Amino acid sequence: MNKRILIASDHGGFTLKAAIKQKFPDFEWIDLGTDSSDSVDYPDYGFKLAKGITSGDAPRGIAICGSGIGISIAVNREPAVRGALCTDVTMARLCRQHNDANVLVLGERTTGPETALQIVETFLNTEFEGGRHARRVEKLSC
Ligand code: RB5
């Protein structure tokens, strides 16, 4: 499995971004910022991460903002991205098994840190099931 993972957040996701990198040191984190809790704009970081996925800098990414909503909208504007905003472990499992999600999106202000870290672990360790789901995922490409 490719252990290179892009990660980006705005100021609203900065603390959770640091916690994720610390909790999973075996992955090769490519941190695209932001680098402090100073206020920034989530589209800038969402687009940066999404473009990294399109360019093949890494096969998967994690994007975080306060609610998860703004940066989710941003990453999903890039056709190569299948970004899934997850608030529990079941969503994290299903977004990999059924949707082959390549970007996990989290909201630091909407999901507690323990749950968020469990979501990350599930996202990183669950494979796409293929089969009938592959046909559906293929239809998402445009
Ligand atoms: C920033 O205050 C906040 O609006 C942002 O992190 C996010 O929640 C946007 O959707």
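Placed above this text is the structure.
A short tour of the structure in this document, coming up. Note that the structure is predicted; figures quoted are calculated from it, not measured.

## Quick notes on the pairing of strand 3 (residues 60–65)
Point 1. With respect to burial, strand 3 is a largely interior element, six of its six residues being buried.
Point 2. By the alternation rule, side chains of strand 3 split into Arg60, Ile62 and Ile64 and Gly61, Ala63 and Cys65, which are all buried.
Point 3. Of the strand pairs in this sheet, strand 1 (residues 4–9) and strand 3 are connected by five bridges, and their pairing is parallel. Among the inter-strand pairings, Ser9 is bridged to a residue of strand 3, identified as Ile64.
Point 4. With five bridges connecting them, strand 3 and strand 5 (residues 103–107) associate as parallel partners. Within the sheet, the bridge partner assigned to Ala63 lies in strand 5 and is Val105.

## Description of the pairing of strand 2 (residues 28–31)
Point 1. With four bridges joining them, strand 1 and strand 2 adopt parallel strand pairing. Counted as the bridge partner of Ile5 is Trp29 from strand 2.
Point 2. In this region the chain leaves strand 1, passes through helix 1 (residues 14–23) and returns to the parallel neighbour strand 2; the handedness of that crossover is right-handed.

## Thoughts on the nonpolar core
Point 1. Of all hydrophobic cores here, the largest spans 22 residues; its most connected members are Ile20, Trp29, Ile62, Leu104, Leu106 and Val120.
Point 2. Listed by contribution, the elements that provide at least two residues to this core are strand 1, helix 1, strand 3, helix 4 (89–97), strand 5 and helix 5 (113–125).
Point 3. Examining the composition of this core, we find that six residues originate from one element, helix 5, more than from any other.
Point 4. Setting aside residues up to four positions removed in sequence, Trp29 forms contacts with Ile5, Ile7, Ile20, Lys21, Phe24, Ile62 and Leu124.
Point 5. Of all hydrophobic cores here, the second largest spans 15 residues; its members include Ala50, Ala63, Val75 and Val103.

## Points about the environment of Arg77
Point 1. One can find Arg77 in the loop between helix 3 (69–75) and strand 4 (83–85).
Point 2. Considered as a pair, Arg77 and Ile64 are 13 residues apart in the sequence and their alpha carbons are 16 Å apart.

## Quick look at the site of the ligand
Point 1. Taken together, Asp10, His11, Tyr42, Cys65, Gly66, Ser67, Gly70 and Arg109 make up the full set of residues adjacent to the ligand.
Point 2. Asp10 is positioned with one of its side-chain polar atoms (N or O) 2.6 Å from an oxygen atom of the ligand.
Point 3. Measuring from an oxygen atom of the ligand, one finds a backbone N or O atom of Ser67 at 2.9 Å.
Point 4. The protein chains hide 70% of the 290 Å² of surface that the ligand would expose on its own.

Basis of the calculations
- Residues numbered from 1 in each chain as written.
- Predicted model: local features only at pLDDT ≥ 70, side-chain atom pairs only at ≥ 80, totals over all residues.
- Heavy atoms only, no water.
- Buried < 20%, exposed > 50% of the residue type's maximum accessible area, 1.4 Å probe, protein only.
- Helix = DSSP H or I, 4+ residues; strand = E, 2+ residues; numbered from the N terminus.
- Pairing = 2+ DSSP bridges.
- Right-handed = clockwise from strand over helix to strand, strands pointing away.
- Core = buried A, V, L, I, M, F, W, Y, C linked by side-chain atoms within 4.5 Å.
- Contact = heavy atoms within 4.5 Å.
- Near = heavy atom within 4 Å.
- Polar contact = N/O pair within 3.5 Å; in protein donor to acceptor, adjacent residues only side chain to side chain.
- Areas by Shrake-Rupley, 256 points an atom, 1.4 Å probe, with all protein chains shown as cover.

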